[in-house]
Amino acid sequence: MRRVSALIVSLVLVGVLAGCVRVELNLRVKPDGTGEREVIVAADRDVLLLAAAVDGQDPLAQVEADMRSDPAAVVTRYQQGDLVRLRSVAPMERRLVFTDESVNGEFRIDDRFFWRDYTLDLKTYVDAGDLGDLAAPYAPYLSVIDAVVSVELPTEVRETNGQLDASGRKVVWHLMPERQEHLTLKARQYLWDRIAITCASAGATVLAADAGLIVAARRKQPPKPPEEPAEQSGS
């Protein structure tokens, strides 16, 4: 994320205005608990060309190199409309730890026997001030940079301080540069297949136990005495 902050400042210095830069961190989890981590950096094509002409380098080159340093990530660079996008997608671990200066905390998935808990606790700070005094005059423009974090789960979210969509399963946070944010989320997914199997197994065990008790009780019953033949009446 520090490379992203540097990118933002370099673009602002050559005239970036609202809507020219977008940074996304998207976490998506499937019903089986596996998921993916997606990072997207998008910038206006004309602004990138202008920045390259001024600086003599591709402004996205270092960001792309950092993305490709992750051997598990699939990185693509493509153009969509007027935006040039860099997209990195990688499998997501059960405990995803962030130790960057701008994103610090964790997203974790904890499996219990009958349910799965999801917890997000992130502190973010999209910082540009530490990149040098040169960026200071452009600080008012940084507030229009679109920085987004989203989490999409296979179950409804119980607690969050983000924006929950209509499904109740996706939360979005829009971050403001130069402001500290604390993102939180809690959710619980009940594993109904395990619950059903356990209940079925318990039911079968109870039935088997009942059947065993019945058989044992019958075996303990004393045998019935033989019936005496009925006396024939005289003619």
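Everything numeric here is computed off the predicted structure, so don't read it as measured data.

(A) Representation of the pattern of salt bridges within the structure. Applying the stated criterion to the full structure yields 18 salt bridges. With its nearest N and O atoms 2.7 Å apart, the salt bridge here joins R95 to E106. Here R95, found in strand β5 (residues 95–99), pairs with E106, found in strand β6 (residues 103–111); they are 11 residues apart in sequence, far enough to count as distant. What you see here is one network of salt bridges that share partners, running through R28, E36, E38 and R87.

(B) Here's a closer look at the pairing of strand β2 (residues 35–44). Of all 10 residues that make up β2, eight are buried, and the element is covered over most of its length. For strand β1 (residues 21–29) and β2, the ladder comprises nine bridges, and the chain directions are antiparallel. Among the inter-strand pairings, E24 is bridged to a residue of β2, identified as I40. Counting the residues in the hairpin turn of β1 and β2 gives five residues, including G33, whose phi is positive at 95 degrees.

(C) Just the nonpolar core, in detail. Among the nonpolar cores identified, the biggest contains 24 residues, and F107, Y118, L120, V151, L153, W173 and L185 are the most heavily contacted of them. Of all the elements in the fold, those that place two or more residues in this core are β1, β5, β6, β7 (115–124), β8 (146–152), β11 (170–175) and β12 (181–190). Residue contacts for L153: discarding those within four places in its chain leaves V29, F107, Y118, R169, L185 and A187.

(D) Just the confidence of the model for the chain, in detail. Mean pLDDT over the chain stands at 77; residues scoring 70 or higher make up 69%. Low pLDDT (under 50) marks residues 8–19, which in the prediction has 32 contacts with non-local residues, meaning those over four places away or in another chain. Confidence drops under pLDDT 50 across residues 129–143; counting only partners more than four residues distant or on other chains, this segment forms 21 contacts.

(E) Summary view of helix α2 (residues 45–55). Looking at α2, one finds that the buried residues are V47, L48 and A51. What you see down the axis of α2 is that its buried residues fit within an arc of 100 degrees, all on one side. What points out from α2, more than 90 degrees from its buried face, is the exposed set L49 and A53. Capping the start of α2, D44 holds a side-chain oxygen 3.0 Å from the backbone nitrogen of D46, two or three residues further along. One or two positions beyond α2, positive phi appears at G56, with a value near 80 degrees.

(F) Examining the packing of aromatic side chains more closely. This structure, assessed with the given rule, holds three aromatic pairs. Seen from their ring centres, F113 and F114 are 4.9 Å apart, and the 80 degrees between their planes marks the pair as edge-to-face. F113 gets classed as exposed once you look at its relative accessible area, which sits at 54%. Using a relative accessible area of 31% as the deciding quantity, one classes F114 as partly exposed. The interplanar angle of 70 degrees and the centroid separation of 6.3 Å between the aromatic rings of W115 and Y190 together place this pair among those described as edge-to-face. With W115 in strand β7 and Y190 in strand β12, this residue pair connects regions lying 75 residues apart in the sequence. With a relative accessible area of 27%, W115 lands in the partly exposed category. Among the residues examined, Y190 registers a relative accessible area of 40% and is labelled partly exposed.

(G) View of the side chain of E24. Take E24: it is sitting in strand β1. Here the side chain of E24 touches R22 through a polar contact of 2.5 Å, side chain to side chain.

(H) Geometry of the side chain of D110. In this structure, D110 sits in strand β6. A polar contact of 3.0 Å, which involves the side chain of D110, links it to the side chain of R108. If near-sequence neighbours (up to four positions away) are discounted, D110 is found in contact with W115, R116 and D117.

(I) Up close: the environment of V126. Secondary-structure assignment places V126 in the loop between β7 and α4 (139–142). The class of V126 is buried, set by a relative accessible area of 10%.

(J) How the structure looks around the pairing of β7. Sheet topology places β6 next to β7; nine bridges connect them, and they run antiparallel. Bridge pairing in β7 links D111 to R116. Taken together, β6 and the strand that follows it, β7, pair antiparallel across an intervening segment of three residues. Pairing of β7 with β12 involves 10 bridges; the strand directions are antiparallel. If you follow R116 over to β12, its bridge partner there is Q189.

Conventions we followed
- Residues numbered from 1 in each chain as written.
- Predicted model: local features only at pLDDT ≥ 70, side-chain atom pairs only at ≥ 80, totals over all residues.
- Heavy atoms only, no water.
- Salt bridge = Lys/Arg side-chain N within 4 Å of Asp/Glu carboxyl O.
- Helix = DSSP H or I, 4+ residues; strand = E, 2+ residues; numbered from the N terminus.
- Buried < 20%, exposed > 50% of the residue type's maximum accessible area, 1.4 Å probe, protein only.
- Pairing = 2+ DSSP bridges.
- Core = buried A, V, L, I, M, F, W, Y, C linked by side-chain atoms within 4.5 Å.
- Contact = heavy atoms within 4.5 Å.
- pLDDT = per-residue confidence, 0-100.
- Arc of directions from axis to C-beta.
- Polar contact = N/O pair within 3.5 Å; in protein donor to acceptor, adjacent residues only side chain to side chain.
- Phe/Tyr/Trp six-rings, centres within 6.5 Å; stacked < 30°, edge-to-face > 60°.

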